[in-house]
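Single-letter residue listing:
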Amino acid sequence: MNSSKRMPVLFIGHGSPMNALEDNAFTRVWESLGQSLPRPRAILVISAHWLTDGTAVTAMSAPKTIHDFGGFPQALFDMRYPAPGDPVLAARIAELLTPFTDTPVQLDQDWGLDHGSWSVLAKIYPDASIPVLQLSLDMRLSAAAHFALGQRLSALRDEGVVTRVKDDIGPYLQQCLREVFGNHPLVGDIQGTGMVAALQLAEDKATRKRFANENDMAWRCRTFGFEEGLIIRSTLGRMIMAPA
């Protein structure tokens, strides 16, 4: 069912997989989303639980329910979310993204829906009647390259498709910062939650001893960042950033 409204983008952290079975404050908010959002033609999920070498999109007509966890009650393993797939839409997504990837987007026939998808969707759309696809995270791509893919996906919002990004941007931001600054002699620690991250400056990296004049040092780094086109804030010897 096509929608004439521009579809929203949702960022949802699934928390414990047990939310799929439980009734709590979090799951009631998810249920309210299903009642208030315009009904999409399909749902595209980008999940940090699916990391690949190259970009892939599920392209089967009936994606399986993946129980990618352990140590939970049998009732959770017995749960299924039998939403259909959409091979035609998968081909459309591959067409949109391939110009921005190193290799053609793979039309995957093996993955399915991991618990980062179905444990939340089971509350938002419990009848599982809306086609659901997953897009993988390419471990080889940079943050800028993933951002470019996101821009391309925005076209789907006008085609009646909800793009749901969960548990990936925040952890990916932390990962990128550790790759870039993890060995920097002036960075004692990398901190963050969600889309807010901070670099703690240190005079001694090994002991994480802070500079005596840490605010002055942070201000210098902030000024240098501004000169390089970075919007960052300095406070208590930390460089704070929140990508838009």
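That block above? That's the structure.
Residues numbered from 1 in each chain as written. Predicted model: local features only at pLDDT ≥ 70, side-chain atom pairs only at ≥ 80, totals over all residues. Heavy atoms only, no water.

Asker: When you look at the pairing of strand β5 (residues 132-138) in this model, what are you seeing that I'm missing?
Answerer: Consecutive side chains along a regular strand alternate between the two faces of the sheet. Most of β5 sits inside the fold, with seven of its seven residues counted as buried. Bridging between strand β2 (residues 42-52) and β5 involves six bridges; their strand directions are parallel. Within β5, the residue paired with isoleucine 46 across the bridge is leucine 135. (Buried < 20%, exposed > 50% of the residue type's maximum accessible area, 1.4 Å probe, protein only. Helix = DSSP H or I, 4+ residues; strand = E, 2+ residues; numbered from the N terminus. Pairing = 2+ DSSP bridges.)

Asker: Could you clarify how one ought to interpret the environment of aspartate 204 in this entry?
Answerer: In this structure, aspartate 204 sits in the loop between β8 (196-201) and α7 (214-227). On the accessibility criterion, aspartate 204 (32% relative accessible area) is partly exposed. As a C-alpha pair, aspartate 204 and methionine 79 span 125 residues in sequence and 51 Å in three-dimensional space. Polar side-chain contacts of aspartate 204 include one of 3.2 Å to the backbone nitrogen of threonine 207. (Polar contact = N/O pair within 3.5 Å; in protein donor to acceptor, adjacent residues only side chain to side chain.)

Asker: Please clarify how helix α4 (residues 115-124) should be interpreted in this entry.
Answerer: Along an α-helix, a turn takes 3.6 residues, which lines up residues three or four apart on a common side. By the criterion of burial, α4 is predominantly enclosed, with 10 of the 10 residues buried. Taken together, the buried positions of α4 are His115, Gly116, Ser117, Trp118, Ser119, Val120, Leu121, Ala122, Lys123 and Ile124. Capping the start of α4, aspartate 114 holds a side-chain oxygen 3.0 Å from the backbone nitrogen of glycine 116, two or three residues further along.

Asker: What exactly am I supposed to notice about the packing of aromatic side chains here?
Answerer: For any pair of aromatic rings, the description consists of the separation of the ring centres together with the inter-plane angle of the planes. On inspection of all chains with the given rule, the structure shows four aromatic pairs. The interplanar angle of 0° and the centroid separation of 5.5 Å between the aromatic rings of tryptophan 50 and tryptophan 111 together place this pair among those described as stacked. Residue tryptophan 50 is located in strand β2, and its partner tryptophan 111 is located in the loop between β4 (106-108) and α4; the two are separated by 61 residues in the primary sequence. Under the relative-accessibility criterion, tryptophan 111 is labelled partly exposed at 22%. (Phe/Tyr/Trp six-rings, centres within 6.5 Å; stacked < 30°, edge-to-face > 60°.)

Asker: Would you mind going over the pattern of salt bridges with me for this structure?
Answerer: Should their charged atoms come close, side chains of opposite charge can pair. Tallied over the full model, the rule gives nine salt bridges. Of the charged contacts in the structure, one is a salt bridge between arginine 92 and glutamate 159, with a shortest N-O distance of 2.7 Å. Here glutamate 159 lies in the loop between α5 (143-153) and β6 (161-166) and arginine 92 lies in helix α3 (residues 87-97), a separation of 67 residues in the sequence. By relative accessible area, which is 26% here, glutamate 159 ends up partly exposed. The structure contains a network of salt bridges with shared partners spanning Asp53, Asp138 and Arg140. (Salt bridge = Lys/Arg side-chain N within 4 Å of Asp/Glu carboxyl O.)

Asker: How should I be thinking about unusual backbone geometry in this particular structure?
Answerer: Notably, alanine 128 is not glycine yet its phi reads approximately 55°, a positive angle. Of note, alanine 128 is situated in the loop between α4 and β5. Within the chain, arginine 208 stands out as a residue other than glycine whose phi angle is a positive 65°. For arginine 208, the position within the fold is in the loop between β8 and α7.

Asker: When you look at the nonpolar core in this model, what are you seeing that I'm missing?
Answerer: Soluble, globular proteins show a tendency: their nonpolar side chains are buried together. Counting 25 residues, the largest nonpolar core has Ile43, Tyr81, Trp118, Leu121, Tyr125 and Val132 as the members making the most contacts within it. Here this core takes five residues from α4, the largest share from any one element. In this structure, Ile46, Val105, Leu137 and Val161 belong to the second largest nonpolar core, which totals 21 residues. (Core = buried A, V, L, I, M, F, W, Y, C linked by side-chain atoms within 4.5 Å.)

Asker: How do you make sense of the packing of helix α1 (residues 25-36) against α4 when you look at a structure like this?
Answerer: Think of two packed helices as two axes; the pair is described by the angle between the axes and how far apart they sit. Interaxial distance between α1 and α4 falls to 7 Å at its minimum, and their mutual angle equals 65°. When α1 is examined against α4, the residues Thr27, Trp30, Glu31, Leu33 and Gly34 are found in contact with a partner set consisting of Ser119, Val120, Lys123 and Ile124. When grouped by side-chain class, the residues that make up the contact of α1 with α4 number four nonpolar, three polar and two charged. (Axes fitted to C-alpha atoms, helices over the stretch in contact; angles between N-to-C directions. Contact = heavy atoms within 4.5 Å. Nonpolar A, V, L, I, M, F, W, Y, C, P; charged D, E, K, R; others polar.)

Asker: Looking at this structure, I do not really get the pairing of β8. What am I missing?
Answerer: Burial runs high along β8: five of the six residues are buried. Two elements, β8 and strand β10 (residues 238-241), share four bridges in a ladder whose sense is antiparallel. When the bridges of β10 are listed, glutamine 200 appears paired with arginine 238.

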